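Chain by chain, the residues run as shown.
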Amino acid sequence: MNKKLYFGTNLKMYKTISDTLDYLSKLANLTKDISRDSLELFVIPSYTSLVKASEIVDQNLIKLGAQNMNWEDQGQFTGEISPIMLKELNLDLVMIGHSERRHVFRESDIEENKKVLAALSHGFTVLLCIGETLEEKKFGVSEEVLRRQLKIGLHDIPVARFHQLWIAYEPVWAIGVNGIPATSEYAESMHRLIKECLSELFGEEAKQIPVLYGGSVNPENAEDLIVQPSIDGLFTGRSAWQAEDFNLLIRGSLLAYQNRISKADACK
Ligand code: PGA
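In this text, all values refer to a predicted model and were calculated from it rather than measured experimentally.

Conventions adopted
- Residues numbered from 1 in each chain as written.
- Predicted model: local features only at pLDDT ≥ 70, side-chain atom pairs only at ≥ 80, totals over all residues.
- Heavy atoms only, no water.
- Helix = DSSP H or I, 4+ residues; strand = E, 2+ residues; numbered from the N terminus.
- Rg over C-alpha atoms; globule rule 2.2 N^0.38 Å.
- Buried < 20%, exposed > 50% of the residue type's maximum accessible area, 1.4 Å probe, protein only.
- Contact = heavy atoms within 4.5 Å.
- Lys, Arg positive; Asp, Glu negative; His and termini not counted.
- Charge placed at Lys NZ, Arg CZ, Asp CG, Glu CD.
- Pairing = 2+ DSSP bridges.
- Right-handed = clockwise from strand over helix to strand, strands pointing away.
- Phe/Tyr/Trp six-rings, centres within 6.5 Å; stacked < 30°, edge-to-face > 60°.
- Near = heavy atom within 4 Å.
- Polar contact = N/O pair within 3.5 Å; in protein donor to acceptor, adjacent residues only side chain to side chain.
- Areas by Shrake-Rupley, 256 points an atom, 1.4 Å probe, with all protein chains shown as cover.
- Nonpolar A, V, L, I, M, F, W, Y, C, P; charged D, E, K, R; others polar.
- Core = buried A, V, L, I, M, F, W, Y, C linked by side-chain atoms within 4.5 Å.
- Axes fitted to C-alpha atoms, helices over the stretch in contact; angles between N-to-C directions.
- Left-handed = near helix turned anticlockwise from the far one by under 90°.

**Q** Even after reading the chapter, I still don't get the overall build of the chain, so can you show me in this structure?
**A** Counting secondary structure elements, the chain contains 10 helices and eight strands. Against the compact-globule benchmark of 18 Å for 268 residues, the chain has a radius of gyration of 18 Å, which places it among compact chains. With the C-alpha coordinates of the chain rotated into their principal frame, the extents come out at 60 × 45 × 40 Å. Every one of the 268 residues in the chain was classed for burial, and the buried ones make up 54%. Intrachain contacts of the chain at a sequence separation of at least 6 include 71% that bridge at least 24 residues. Looking at charge distribution, the chain has the averaged site of its 29 positive side-chain charges lying 2 Å from that of its 37 negative ones.

**Q** Just to check I follow, could you spell out the pairing of strand β7 (residues 211-214) for this structure?
**A** Remember that side chains alternate between the two faces of the sheet whenever the strand is regular. Here β7 shows two buried faces, one formed by Val-211 and Tyr-213 and the other by Leu-212 and Gly-214. Sheet analysis places strand β6 (residues 165-169) next to β7, joined by three bridges and oriented parallel. Counterpart to Ala-168 in the pairing with β7 is Leu-212. This β-α-β element, β6 to helix α8 (residues 184-202) to β7, shows right-handed connectivity. With three bridges joining them, β7 and strand β8 (residues 233-236) adopt parallel strand pairing. Within the sheet, the bridge partner assigned to Tyr-213 lies in β8 and is Leu-234.

**Q** Explain the packing of aromatic side chains here, please?
**A** Centre-to-centre distance and the angle between the planes together describe a pair of aromatic rings. By the definition in use, this model includes seven aromatic pairs. Between the aromatic rings of Tyr-14 and Trp-241, the centroid separation amounts to 4.7 Å while the plane-to-plane angle is 40°, which identifies the pairing as tilted. Separated by 227 residues along the polypeptide, Tyr-14 in the loop between β1 (5-10) and α1 (17-31) and Trp-241 in the loop between β8 and α10 (243-266) bring together distant segments of the chain. For Trp-241, a relative accessible area of 13% translates into the label buried.

**Q** Explanation requested: the site of the ligand in the structure shown.
**A** Around the ligand sit Lys-12, His-98, Glu-170, Ala-174, Ile-175, Gly-176, Gly-215, Ser-216, Thr-236, Gly-237 and Arg-238, and those are all the residues in its vicinity. In the model, an oxygen atom of the ligand is placed 2.7 Å from a nitrogen or oxygen of the Lys-12 side chain. Gly-176 places a polar main-chain atom, nitrogen or oxygen, 2.8 Å from an oxygen atom of the ligand. Calculation on the ligand without its partners gives an accessible area of 290 Å², and the protein chains cover 99% of this total. Split by residue class, the shell around the ligand holds two nonpolar, six polar and three charged.

**Q** Would you mind going over the nonpolar core with me for this structure?
**A** Where a protein is soluble and globular, its nonpolar side chains tend to be buried together. Counting 71 residues, the largest nonpolar core has Phe-7, Leu-154, Ile-167, Leu-198, Tyr-213 and Leu-234 as its most contacted members. When residues no more than four places from it in sequence are discounted, the contact partners of Leu-198 are Leu-150, Leu-154, Ile-167, Gly-203, Ala-206, Ile-209 and Val-211. Counting residues in each nonpolar core, the second largest holds 11 residues, with Phe-42, Leu-93, Leu-127 and Cys-129 among its members.

**Q** How should I be thinking about the packing of α1 against α10 in this particular structure?
**A** Working note: a packed helix pair is described by the angle between its axes plus the distance between those axes. It is at 9 Å that the axes of α1 and α10 come closest, and there the two elements cross at 35°. Seen from above, α1 lies across α10 with right-handed handedness. Contact with α1, carried on its side by Tyr-23, Lys-26, Leu-27, Leu-30 and Thr-31, involves Ala-243, Glu-244, Phe-246, Asn-247 and Arg-251 of α10 and no other residues of that element. Looking at the contact of α1 with α10 residue by residue, the classes come out as five nonpolar, two polar and three charged.

Just distances and angles here, no functional claims.
Okay, here's the thing in structure tokens:
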């Protein structure tokens, strides 16, 4: 079955406003001929870039998202950004629980849950990031960790809201300059587990919640990853930060996926 594939990048704390605008206009231009029926493309820039980015980007082509959000509408939370402030920017995507938020800034599953609930109630699509650390993997508790992050992170979410959820599976040991990418077999098995857990929480239909793989995605492994049946997209960091490279990675992956579908149809 043909499905829509998700490709996105988190620009972390890397690009200035002018770098971001330049990147976004190049990416929009390079990818504008790709049908958005088969592609959901999104970029998550810094807060400071979001204001101008939301003015220049056609979000039918590239959806913009925020890297984090507080759960309160307003209050004594110096340095934080509220859902209302993000709404003003005409955004409808917010990322919650990126591994750097969890591990550098010590955010807990309970905090992620408060953010997810607030974001959903404000009508955002939530990209919830989950993933086990190397230590947890070594102790053999990766599956328990993913289940815990999903069950607490998505606690109390009304079933009717599951359409507003996207999940990114990003093993912590695979992310960033020292990361070792997961093999496509390992990623597929974890994605299967995530989809199982989502359907326990929200019913069989929740298997449609897109689950993206992230963590050292690169031009060498992207095609193997995207053809896995339970992988619905790629959440890419470093390999996506040049618009030309990201465009090639997206096109290569879409083609690999189409070839797999055509082969499977031919065997029927
Ligand atoms: P990476 O980053 O692709 O550079 O490993 C992934 C991420 O942090 O989302």
